[in-house]
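Remarks on the overall topology
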Amino acid sequence: MSTSGESNMAIAKTIISAVGSAAAMAMVAHNLPPEVQDYLFFGIRNLFIKFSNQLTIVIDEFDGMVSNEVYESAQIYLGSKLSPNTCRFKISKPEKEKNFNMSMERNEEVTDCFKGQKFKWIWVCRQVQSKDYFYNPRDMNSTLKSEVRSYELTFHRKNNDFVLECYLPYIINKAKLRKQEIRTLKIHTVDYENMHDLSAVWTPVNLDHPATFETLAMDVEQKERIVKDLDRFVKRKEYYRKVGKAWKRGYLLYGPPGTGKSSLIAAMANYLNFDIYDLELTEVKKNTDLRRLLVATANKSILVVEDIDATIDLQEKLSSRVAAPSNDSHEEESKVTLSGLLNFIDGLWSSFGDERIIIFTTNHVEKLDPALLRPGRMDVHVHMAYCTSCGFRLLASNYLGIREHQLFEEIEELIGNTAVTPAEVAEQLMKEDEVDIALKNLIEFLHKRRKEEEETRLKVLKRKKNK
């Protein structure tokens, strides 16, 4: 055999040996735990990067406790970017949404071309032990993990300034436009089992509430004032920045049950195209949890705390804690305090993010601590009153499709002298499809309610007289 042939044979043996070793290593790595696989993957990739002319930017999902806008923008932008190097990607379509949602799979690559330059993206996910979790070695199930996510953007070193000044701002703007195009309003509720994970603490579902300001059974002038206030608020970003105030607005909706507080919130969300975050305050155990929940909400959102009077006994619990503050800071942090709640509304923690609306609802405004009601905390107080003649006409139009009827005059006179909610009127109108029967049933209901009110009034007078 010639020397050249021997040399080629030696090279072939070396290549086959290397391929065999690599295959063996791959098989071994495949059977390792996911966190070990991630460690090996990162190590090998970083070794190659170290000796190349490429530069890598790491874009974490969170900057401390705050969401990273660049990460969120990259997630939206890259969802529509599939390159020849992409082997796998994820796709989903929530019920009642029109568009498919595409996103990268873990540790997959996407190559993007922008103005003649190539950029490589990798979505990196790592499993880590939660810092907020107490590990019990006797409990085999106490291995709670959370996932740390980031994007790695790799490009030629010469393009460093180009990336920071042109490419990333372009991605952020494109993501904003895309987000508006595919946006479906959501209502978010707290997943208290995931308080350790800011990315999963709020669980979203589609907001399908049909309420609009046109369909709300409210006084026309009151609706116009609310719409005008909302329009003014969303246009004043620079004004809030100039005067040094957080770009937020506080609303207090108060009135009897059934007067349309929840419908008004839905109408505000639909009008502004804002998501709703529904906070059940009784489940929040301490001030630090309040802060985590606040910073995990998104911009352009409405934070709702319903039935604040029933949620927390502000008079007996919270006020007493402010009057006699604890010297033990750890003990204070283990409670929800009035000071913590107020700081949550308008203190330093309220300045996270932009364009936020905070809404408290209550059936009994007289039970609320005055500290909650001052301007700057609750800027707009909206009294949700009993049904009026104007409200009835709107309900008749919505439910029966009529604007005039010979029975309207009698109904409006009864409504003007009877404490009945829009929800109760709507319930009566829904019972029958025939207009005349529906209106007559409503008249009968109003007479009955008026009689009950008169009997109650007489009983009260009689008890007072007996005293």
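In every chain, residue numbers begin from 1 and rise along the written sequence. Predicted model: local features are reported for residues with pLDDT of at least 70 only, side-chain atom pairs are reported and counted for 80 or more only, and whole-chain, interface and lining totals are derived from all residues. Hydrogens and waters are ignored; side-chain quantities use all the structure's heavy atoms.

1. A short note on the environment of Ile226
We count a stretch as a helix when DSSP gives it H or I for four or more residues in a row; a strand needs E for two or more, and each element gets its number in order from the N terminus. Mapped onto the elements of the fold, Ile226 is located in helix H5 (residues 220-234). Overall, Ile226 belongs to the buried group, its relative accessible area being 4%. Beyond its immediate sequence surroundings of up to four residues, Ile226 is in contact with Phe213, Met218, Tyr251, Leu264 and Val382. Throughout this description, buried means an accessible area under 20% of the type-specific maximum (1.4 Å probe, protein chains only), exposed means over 50%, and partly exposed covers the range between. Throughout, a contact is declared for two residues whenever any of their heavy atoms are within 4.5 Å.

2. Description of helix H15 (residues 422-430)
Of all the positions in H15, only Pro422, Val425, Ala426, Gln428 and Leu429 are classed as buried. Burial along H15 is one-sided: seen end-on, the buried residues are contained in an arc of 160°. In this fold, the buried residues of H15 make contact with helix H13 (389-400) and helix H16 (435-466). Working definition: the arc comes from the directions between the helix axis and the C-beta atoms, pointing outward to the latter.

3. What about the nonpolar core?
By nonpolar core we mean a set of buried residues, namely Ala, Val, Leu, Ile, Met, Phe, Trp, Tyr and Cys, connected to one another through side-chain atoms within 4.5 Å. Of all hydrophobic cores here, the largest spans 30 residues; its most connected members are Tyr251, Leu264 and Ile357. When contributions to this core are tallied by element, the ones reaching two or more residues are H5, strand S11 (248-254), helix H7 (261-272), strand S13 (301-305), strand S14 (356-362) and strand S15 (380-383). If you tally residues by element for this core, the top one is H7, at 7 residues. When near neighbours in sequence (up to four residues on either side) are disregarded, Leu264 contacts Phe213, Leu216, Met218, Ile226, Leu253, Val382 and Met384.

4. Re the state of the cysteines
By definition, a disulfide links the sulfur atoms of two cysteines through a covalent bond. The disulfide criterion is simple: two cysteine sulfur atoms within 2.5 Å. Tallied over the entire structure, the rule returns 0 disulfides. Here Cys387 is not cross-linked by a disulfide; its sulfur's nearest cysteine counterpart is in Cys390, at 9.0 Å.

5. Section: the sheet that holds S15
A strand pair is defined by DSSP finding two or more bridges across the two strands. Sheet architecture is open: 7 strands sit in the order S10-S9-S12-S13-S14-S11-S15, paired in mixed fashion. Since the sheet does not close on itself, it has two edges, and those belong to strand S10 (202-206) and S15, each with one partner. Each strand of the sheet is rotated relative to its neighbour by a mean of 25°, with strand direction disregarded. Two elements, strand S9 (residues 186-190) and strand S12 (residues 275-278), share 3 bridges in a ladder whose sense is parallel. Looking at the pairing, Thr189 lines up with Asp278 of S12. On top of the sheet, H5 reaches S11, S14 and S15; it is set at about 160° to S11, its chief contact. Each axis is a line fitted through C-alpha atoms, and for a helix only the stretch in contact is used; angles between axes span 0 to 180 degrees, taken between their N-to-C directions.

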